[in-house]
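# Close look at the chain arrangement
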Amino acid sequence: MRCFLISLTLASLLSAAEEPATLRSNDINLATALRLAGANHLDIEAARVSLQTARAQYADTRRKFFPWLSVGTSYHRTAGNLQDIPGNVTEESKNNYQAGIGVAAELRIGEVIYQNLSAKQRARAAEHQVDAAKNLSTAQVTQAYFRLLRAQASLQVSQQSRVLAGDYETQLAAAVKAGVAFEADQLRAQVQTFRHDLMIRKTQEDVETASAKLCEMLRLPNGLSLRGDTGELTPLTYVSADATLTSLVTTALNQRPELRSREAMLAAAKTDAEGTRKAPYYPDLTVRGFVGGFGGGFNSHTGNFDDTADGVIGLGWRIGPGGLFDSQRSATANSLADQESVLVEKTRQRITREVLESVAAARSLRDRRAIAEKLLASAEKAYALTRERGKQGIGGVMETLRSEEDLSFARLAYFDLITESNIAQIQLRYALGKP
């Protein structure tokens, strides 16, 4: 097993030595994949856009605390019958005009206060969603990268097995020609070679498929044939699966940004519900003011222009829909808060399940990988002894073919279990909320 791993690593190093110092566009390693994931992943970009929207909405609610200014001029003319205060109707002709600066504010104090608090919580929820998107994309890209490495390793194993089977077929063909072996034995070896040819073609497809999947995640050009660094296909331990389940679940519930996001949304919903009860007790404030000049007179007279100022301040309370005693609005807000509370609990349960599943998978794959290492060591030794017996004319053809088939299976199983074990470690790290 060690010899096989060393030969695989040396082959990778020799291949890399033939390349220029600058990697080709289709060469990629895990660090590059993760860097591209942080820059190009669409889920992260979507979360960032949502965060920008939430922050813009929060900024918009803060603007409601401030009055607005207006600068301009107006002209007003009246001609014809008018009624004065005592009730007399007379024919009049007059006009006036003004120019200046006005200030106005119509503020529902309580509503704006609670809207501001709620928008702040939603912006915080969006920030946690960005972190969640980063964690998820990192896990997905890492898993996709290791699947690409597994496909490449499977292709190399299939090609090496094809070489072994082809060599044995050639030996049997020579023995048949010399009259010391049966043609059926040669055909059995040929069948084994064809089986490896089929496996090679299938693993080539797997490499192309894994490359296309990774290109999609990283938003790389279509048709780019990615090739990972097979030297990175080694057993990894990101998180120890031997810790108690209680401690791991506690860690996940404390660190998962998805839960923090849902809790922030619950806080926003509770703020909205509280606002429907308490905000109507705050008065509505109306402020209007004008400073400028005013002029005019009878008929089309344009004189008498001089300074003028006007101002109004008002306080009031709304009663009914949208104000005091609006029980239906409070009931709706409370219902939305209850829904968010259910979503928080569902998120807690989902995170707990993900941790338990990840721990079970990590532990199982760790043990299975240890068995696969022993399987590979035994298969390599058995194949070497069988070929030696064959050279001495002791072993049979079927024995050699079965030994070669066992070796190919053990190699493929070993790399499959390394990949799945690493993926389980990645999933466990993600389930715990570790970036």
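Treat the numbers as computed from the prediction; the structure is a model and nothing was measured.

Between two packed helices, the angle of one axis relative to the other and the distance separating the axes together describe the packing. At a minimum axis distance of 8 Å, the contact between helix α4 (residues 109–178) and helix α7 (residues 257–278) shows a crossing angle of 170°. With respect to each other, α4 and α7 are oriented roughly antiparallel. Partitioned by chemical class, the residues of the contact of α4 with α7 number nine nonpolar, eight polar and eight charged.

Attention shifts here to a nonpolar patch on the surface. The grouping of Leu69, Val71, Ile101 and Val103 at the surface amounts to a nonpolar patch, some 400 Å² of accessible area in total. Among the secondary structure elements, those contributing two or more residues to the nonpolar patch are β1 (68–83) and β2 (89–108). Relative to the elements of secondary structure, Ile101 occurs in strand β2.

Most peptide bonds adopt trans geometry, and most residues besides glycine take a negative phi value. Phi angles above zero are rare outside glycine, and Arg219 is one such case at about 55°. Along the chain, Arg219 falls in the loop between α5 (183–218) and α6 (245–255). For Phe325, which is not a glycine, the phi torsion comes out positive at approximately 65°. By the element assignment, Phe325 lies in the loop between β4 (306–316) and α8 (327–391).

This part covers the pairing of β4. Counted residue by residue, β4 has zero buried out of 11 residues, so it is predominantly exposed. Pairing geometry for strand β3 (residues 284–298) and β4, over 11 bridges, is antiparallel. Considered in β4, the bridge of Phe294 is made with Asp306.

In this section: α5. The first and last C-alpha atoms of α5 sit 52 Å apart over 36 residues, in line with the 52 Å expected at 1.5 Å per residue. Arg219, located one to two residues past α5, shows a positive phi value of around 55°.

The next thing to look at is the pairing of β3. In this sheet, β3 lies alongside β2 in antiparallel orientation, the contact comprising 15 bridges. From the neighbouring strand, Asn95 faces β3, where its bridge partner is Gly297.

Quick look at the packing of α6 against α7 now. Remark: α6 packs on α7, axes separated minimally by 5 Å, with the N-to-C direction vectors making an angle of 50°. It follows that α6 is oblique to α7 by the angle criterion. Packed against α6, whose contacting residues are Leu253, Asn254 and Gln255, the element α7 presents Pro257, Leu259 and Arg260 at the interface. Class assignment of the residues belonging to the contact of α6 with α7 gives a composition of three nonpolar, two polar and one charged.

Attention shifts here to the side chain of Gln425. With respect to the helices and strands, Gln425 occurs in helix α9 (residues 397–431). Its relative accessible area of 6% is what places Gln425 among the buried residues. With residues near it in sequence (within four places) discarded, Gln425 still touches Leu236, Thr237, Tyr238, Val239 and Ala362.

Calculation notes
Residues numbered from 1 in each chain as written. Predicted model: local features only at pLDDT ≥ 70, side-chain atom pairs only at ≥ 80, totals over all residues. Heavy atoms only, no water. Axes fitted to C-alpha atoms, helices over the stretch in contact; angles between N-to-C directions. Helix = DSSP H or I, 4+ residues; strand = E, 2+ residues; numbered from the N terminus. Parallel < 35°, antiparallel > 145°, perpendicular 65-115°, else oblique. Nonpolar A, V, L, I, M, F, W, Y, C, P; charged D, E, K, R; others polar. Patch = residues over 30% accessible without salt bridge, like charges linked within 9 Å, V, L, I, M, F, W, Y side chains within 5 Å. Areas by Shrake-Rupley, 256 points an atom, 1.4 Å probe, with all protein chains shown as cover. Salt bridge = Lys/Arg side-chain N within 4 Å of Asp/Glu carboxyl O. Buried < 20%, exposed > 50% of the residue type's maximum accessible area, 1.4 Å probe, protein only. Pairing = 2+ DSSP bridges. Expected span 1.5 Å × (residues − 1). Contact = heavy atoms within 4.5 Å.

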